[in-house]
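So the chains spell out like this:
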Amino acid sequence: MKATYLLAAMIAASSIVACNQADNDAFIIEKAKMQPSVDSTLLREEPWKDAKKVECLHAPWDSLDDNTVVRSFSTESDVFFRYDVPDTSLCAVTDYAKEEDILPEDRVEVFFSPTSGMDSYYCAEIDPNGHALDYSAKYYRKMDYGWNFSSLKTITETRKDSYTVIAIFSKKEIEDLGVDLSKGFYMGIFRADFRPDGSVNWYSLKGTDDKSPDFHKPAVLFKTIIK
């Protein structure tokens, strides 16, 4: 195992975000002072103790709140996301063969869009075993499943009543997609909670007034700045 480089000098204090991200309030992901090891040491708590933190995903279509905790920080080269997901009915395929196999699985998701209108946007959906369905898209639901993030790295851990997904993206790759990290872009944070009978609840950091769940609409994205 690589030597562990703990984030001894991250941002001064963690920040908990309101459940419905306000349209005019940017979601700020702060930069850490040191680059952590990109390995299983990220499953420990220490690297995340001062990270941006949200713990209020909501399924407005089912009037449900979720106890998933999402944390994020950036470094000079990368942006890191960690999802700690409570789940007592884990759904993950045992014979995974292709990206689309995660569609009936539990998973966490992050979307990046250069603009509020989702003229183009980029998505990663990651299951509890670290398999990713990543793709580019244009509004409305014009998906290109042949597209992939070249830099995406995942680290996961499953337990009997929960799972953790860590996703790491190269900032340069995101910027090369036209996403302006410092001036602001639009992001979505989501979770799909499937059960063995095929039923599912869809959770989002930002809610909508839509009567049915749909993450591919501008209303569920919020302005974000990555430092």
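Let me sum up the structure you'll find in this document.

Conventions used here
- Residues numbered from 1 in each chain as written.
- Predicted model: local features only at pLDDT ≥ 70, side-chain atom pairs only at ≥ 80, totals over all residues.
- Heavy atoms only, no water.
- Pairing = 2+ DSSP bridges.
- Helix = DSSP H or I, 4+ residues; strand = E, 2+ residues; numbered from the N terminus.
- Axes fitted to C-alpha atoms, helices over the stretch in contact; angles between N-to-C directions.
- Polar contact = N/O pair within 3.5 Å; in protein donor to acceptor, adjacent residues only side chain to side chain.
- Contact = heavy atoms within 4.5 Å.
- 1 Å grid on protein atoms, 1.4 Å probe; cavity = no way out; pocket = protein on both sides within 12 Å on 5 of 7 lines; lining within 4 Å.
- Points joined across faces, edges and corners; volume = space filled by probe spheres on them.
- Nonpolar A, V, L, I, M, F, W, Y, C, P; charged D, E, K, R; others polar.
- Phe/Tyr/Trp six-rings, centres within 6.5 Å; stacked < 30°, edge-to-face > 60°.
- Buried < 20%, exposed > 50% of the residue type's maximum accessible area, 1.4 Å probe, protein only.
- Salt bridge = Lys/Arg side-chain N within 4 Å of Asp/Glu carboxyl O.
- Core = buried A, V, L, I, M, F, W, Y, C linked by side-chain atoms within 4.5 Å.

**Looking at the sheet that holds strand S12 (residues 162-170)**
Moving on, step 1. Across the sheet, five strands lie side by side as S2-S5-S6-S12-S11; this open sheet has antiparallel pairing. One side of each edge strand has no neighbouring strand; the edge strands of this open sheet are strand S2 (52-54) and strand S11 (153-159). Recorded for the sheet is a direction-independent mean angle of 10° between the axes of neighbouring strands.
Moving on, step 2. The sheet contact formed by S11 and S12 spans seven bridges and is antiparallel. Bridge assignment links Ile 155 to a residue of S12, and that residue is Ile 166.

**Here's the deal with the side chain of Thr 224**
Moving on, step 1. Mapped onto the secondary structure, Thr 224 falls in strand S15 (residues 222-226).
Moving on, step 2. At 3.2 Å, the side chain of Thr 224 and the backbone oxygen of Phe 222 are in polar contact.
Moving on, step 3. In contact with Thr 224, other than residues within four places in its own chain, are Phe 27, Ile 29, Leu 181, Gly 184, Phe 185 and Met 187.

**Notes on the environment of Phe 190**
Moving on, step 1. Along the chain, Phe 190 falls in strand S13 (residues 185-194).
Moving on, step 2. Phe 190 sits twelve residues away from Trp 202 along the chain, and the two C-alpha atoms are 7.4 Å apart.

**Describing the layout of surface pockets**
Moving on, step 1. Of the voids in this model, the largest pocket is the one considered here, and its volume is about 210 Å³.
Moving on, step 2. Secondary structure elements with two or more residues in the lining of the largest pocket: strand S7 (107-113) and strand S9 (132-138).
Moving on, step 3. Partitioned by chemical class, the residues of the lining of the largest pocket number eight nonpolar, one polar and five charged.

**Examining the packing of aromatic side chains**
Moving on, step 1. In total, this model carries 19 aromatic pairs according to the counting rule given.
Moving on, step 2. Ring centres of Phe 111 and Tyr 121 lie 6.0 Å apart, and the angle between their planes is 35°; this geometry places the pair in the tilted category. Taken together, the residues Phe 111 in strand S7 and Tyr 121 in strand S8 (residues 121-126) connect sequence positions ten residues apart. For the pair Phe 111 and Tyr 121, one class covers both residues: buried.

**With respect to the pattern of salt bridges**
Moving on, step 1. Enumeration according to the criterion identifies 18 salt bridges in this entry.
Moving on, step 2. Residues Lys 49 and Asp 50 are paired through a salt bridge, measuring 3.0 Å at the closest nitrogen-oxygen approach.
Moving on, step 3. Residue Asp 50 is classed as buried on the basis of its relative accessible area, which comes to 15%.
Moving on, step 4. Among the ionic pairs, Arg 71 bridges to Asp 84, the shortest N-O distance being 2.7 Å. With Arg 71 in strand S5 (residues 69-74) and Asp 84 in strand S6 (residues 78-86), this residue pair connects regions lying 13 residues apart in the sequence. Considered together, Arg 71 and Asp 84 belong to a single accessibility category, that of buried residues.
Moving on, step 5. One salt-bridge network, in which partners are shared between bridges, spans Asp 66, Asp 87, Arg 191, Asp 193 and Arg 195.

**Digging into the nonpolar core**
Moving on, step 1. Counting 35 residues, the largest nonpolar core has Phe 81, Phe 112, Phe 169 and Met 187 as its most contacted members.
Moving on, step 2. Where this core is concerned, the elements lending two or more residues are strand S1 (27-29), S6, S7, S8, S12, S13 and S15.
Moving on, step 3. Each residue touching Met 187, except ones within four places of it in the same chain, is listed here: Phe 27, Ile 29, Phe 81, Val 110, Phe 111, Phe 112, Val 220, Leu 221, Phe 222 and Thr 224.
Moving on, step 4. By size, the runner-up hydrophobic cluster in this structure holds 13 residues, among which are Phe 111, Cys 123, Tyr 135 and Leu 221.

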